[in-house]
Amino acid sequence: LPDTLFKEGGGGGTGEEVMPFGAGMTPPRLVSTGVPLEYTSQAMQARVQGVVVTRCTITRRGEVEDCRVIKGQPFMDEAVVASLTSRRYEPLTYQGQKVNVSYTFNVNLRLP
């Protein structure tokens, strides 16, 4: 990656670019679970189970933002995104610098 991605000021990088999660990065470490994921009443009635695949940005501050559901489950997509965006992670680093990272979450839903 170009050095401008990590430098402040001139050079074209804003410092807010989002990198794909990849080699040289350790998986995110959860530091705050936030709002627990709860089944919606509609999902309970429909007996929804399966995986919700969501791509989000983990920011340099460890916040989860800009989530997009890639593979959803009926009546549960909004609940999954709300739970994910309430979590906090240890910021990911690349070459010693904290970076914004696009990360894919696979949330396995099982009826309680």
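Everything below is about the structure shown above.
Residues numbered from 1 in each chain as written. Predicted model: local features only at pLDDT ≥ 70, side-chain atom pairs only at ≥ 80, totals over all residues. Heavy atoms only, no water.

Undergrad: Before we go on, may I ask you to explain the sheet that holds strand β3 (residues 50–58) in this structure?
TA: By definition, the strands of a sheet pair up through backbone hydrogen bonds, in either a parallel or an antiparallel sense. Overall, mixed pairing links the 4 strands, which are arranged β1-β8-β3-β4 in an open sheet. A strand with exactly one partner marks an edge of an open sheet, and here the two such strands are β1 (18–20) and β4 (64–71). Taking each pair of neighbouring strands and ignoring which way they run, the sheet shows an average axis angle of 35°. Relative to strand β8 (residues 100–109), β1 runs parallel, the two sharing 3 bridges. What sits directly across from methionine 19, in β8, is valine 101. (Pairing = 2+ DSSP bridges. Helix = DSSP H or I, 4+ residues; strand = E, 2+ residues; numbered from the N terminus. Axes fitted to C-alpha atoms, helices over the stretch in contact; angles between N-to-C directions.)

Undergrad: What am I meant to see in helix α2 (residues 77–85) here?
TA: Because an α-helix completes one turn every 3.6 residues, residues spaced three or four positions apart along the sequence face the same direction. Ala79, Val80, Ser83 and Leu84 are the residues of α2 that are buried. Burial along α2 is one-sided: seen end-on, the buried residues are contained in an arc of 130°. Where α2 is buried, its residues contact β3, β4 and β8. (Buried < 20%, exposed > 50% of the residue type's maximum accessible area, 1.4 Å probe, protein only. Arc of directions from axis to C-beta. Contact = heavy atoms within 4.5 Å.)

Undergrad: Explanation requested: unusual backbone geometry in the structure shown.
TA: Backbone phi values are negative for most residues with the exception of glycine, while trans is the configuration of most peptide bonds. Here the phi dihedral of aspartate 66 falls at roughly 50°; this positive angle occurs in a residue that is not glycine. Counting through the fold element by element, aspartate 66 comes out in strand β4. Not every positive phi belongs to a glycine, and phenylalanine 75 is a case in point at roughly 65°. Within the secondary structure, phenylalanine 75 sits in the loop between β4 and α2. On the basis of relative accessibility, which here comes to 48%, the residue phenylalanine 75 falls in the partly exposed class.

Undergrad: How do you make sense of the side chain of serine 83 when you look at a structure like this?
TA: Counting through the fold element by element, serine 83 comes out in helix α2. Here serine 83 falls in the buried class, since its relative accessible area comes to 5%. In this structure, serine 83 is in contact with Val35, Pro36 and Leu37, ignoring residues within four places of it in sequence.

Undergrad: What am I meant to see in the state of the cysteines here?
TA: As used in these notes, a disulfide is a covalent bond between sulfur atoms, one from each of two cysteines. Overall, the coordinates contain 1 disulfide when judged by the stated rule. Disulfide pairing places cysteine 56 opposite cysteine 67 at an S-S distance of 2.2 Å. In this structure the cystine formed by cysteine 56 and cysteine 67 twists about its S-S bond by roughly 115°; its chirality is therefore right-handed. Pair noted here: cysteine 56 is in strand β3 and cysteine 67 is in strand β4, with a separation of 11 residues, a long-range link. With a relative accessible area of 1%, cysteine 56 lands in the buried category. (Disulfide = S-S within 2.5 Å.)

Undergrad: Is there a simple way to explain the nonpolar core in this structure?
TA: Ranked by size, the top nonpolar core spans 23 residues in total, and within it Tyr39, Met76, Leu84, Phe105 and Leu109 carry the most contacts. For this core, the secondary structure elements donating two or more residues are β3, α2 and β8. Tallying contributions element by element places β8 first for this core, with 5 residues. Among residues more than four places away in sequence, those in contact with tyrosine 39 are Met44, Val48, Gln49, Met76, Leu109, Arg110, Leu111 and Pro112. (Core = buried A, V, L, I, M, F, W, Y, C linked by side-chain atoms within 4.5 Å.)

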